[in-house]
Amino acid sequence: MADSEVLQHNSGQTGNKAGESIPLFEVSQIERYFGGIQALSRVSFKLKKKGIVSIIGPNGAGKTTFINVATGTYYPNKGDVYFKGQNISGLPAYKIAQLGISRTFQLEELFSNMTVLENAMVGCHTKSSTGMFQAGFRLKSMRMDENRILDEALENLKMVGLEHKAAEDVNQLPLGERKMLGIARSLGVRPDLIMLDEPAGGLAAHEIIKLGDLVQELVENGLAVIMVEHNMPFVMSISKRIIVLNYGTKIADGTPDDVRTDPGVIKAYLGEED
Ligand code: ATP
């Protein structure tokens, strides 16, 4: 991916001025409070289609809150979130997923009474057009819909390397495979943008290599990826652009080299100037 494929935030505009292409995703001056805690403070950036942007920062910096605000789990107290030029601030999570932003979780909450395949199918249902009336009469369109969901879920399991475990009880999966299943499930909405919350957390080295290959493949398939992650070697190796949060504020936004040598970032991580 060329660096130019990822835009730096510049103006806080939605980017629909004449001659300027609309970014795939943009946050403008978003703020989120929890009581007296300011979890996000005037965070702004935008990105075009495709590419991996990582969000890093010390514990409590606001990274997961950012994903929660961007995907509709929390509403922003101030500021706006745009997707393909549409203001999606405050929309419910299912609506945002339908529009094309999906996410994974640090600890995947899977349906423990279902198989691996059934869990992957859950993500696909938000695009199902079958309504209650049709379901009641088992119309042909519903069976077609079910087949489509089944095919898509199998395809997504294949993508993450879990198709051979499709029929297994989800409780049998080790952590690494649970995380991969979370990604398969989030692909079910056919997203244009996927947000990964600490995908490498708790994974063994060989699993992190697989994860890196998968994330690269998603990007090659046209997805944009925003990844919150603590594993610095992984972040540095996979990202073209890194955004650093500290106490809810964006303190750096640039290439891995920019960020690695940024005095403010070093201070945030080490607690003092080098
Ligand atoms: P970590 O790397 O440890 O996961 P993070 O950068 O993802 O941290 P957040 O989980 O977004 O940070 O938390 C940012 C701040 O907001 C923290 O001070 C946290 O305690 C607070 N916070 C987050 N969610 C809530 C909530 N639901 N209720 C109250 N405070 C919250």
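Please read all numbers here as calculations on a predicted model, not as lab measurements.

Conventions adopted
- Residues numbered from 1 in each chain as written.
- Predicted model: local features only at pLDDT ≥ 70, side-chain atom pairs only at ≥ 80, totals over all residues.
- Heavy atoms only, no water.
- Core = buried A, V, L, I, M, F, W, Y, C linked by side-chain atoms within 4.5 Å.
- Buried < 20%, exposed > 50% of the residue type's maximum accessible area, 1.4 Å probe, protein only.
- Helix = DSSP H or I, 4+ residues; strand = E, 2+ residues; numbered from the N terminus.
- Contact = heavy atoms within 4.5 Å.
- Salt bridge = Lys/Arg side-chain N within 4 Å of Asp/Glu carboxyl O.

Peer 1: Could you clarify how one ought to interpret the nonpolar core in this entry?
Peer 2: The nonpolar side chains of soluble globular proteins are, as a tendency, buried together. The biggest cluster of nonpolar side chains holds 43 residues, and the ones touching the most others in it are Leu157, Leu181, Ile183, Leu211, Val225 and Val259. Here the element with the most residues in this core is helix H7 (residues 205-220); it accounts for six residues. If we ignore the near neighbours within four places in the chain, the residues touching Val259 are Ile56, Met236, Ile242, Val244, Ala252, Gly254 and Val265. Residues Phe25, Val43, Ile88 and Ile96 belong to the second largest nonpolar core, which totals 27 residues.

Peer 1: I tried to follow the pattern of salt bridges on my own but got confused; where do I start?
Peer 2: One side chain can pair with another of opposite charge once the charged atoms of both are near each other. The full count for this structure, using the stated rule, is nine salt bridges. Linking Glu152 and Arg190 is a salt bridge whose minimum nitrogen-to-oxygen distance equals 2.4 Å. Placement of the pair is Glu152 in helix H5 (residues 140-159) and Arg190 in the loop between helix H6 (175-187) and strand E7 (193-197), with a sequence separation of 38 residues. Look at Glu152 and you get buried, because its relative accessible area is 15%. For Arg190, a relative accessible area of 45% corresponds to the partly exposed category. Here the salt bridges do not stand alone but share partners, grouping Arg148, Glu152 and Arg190 into one network.

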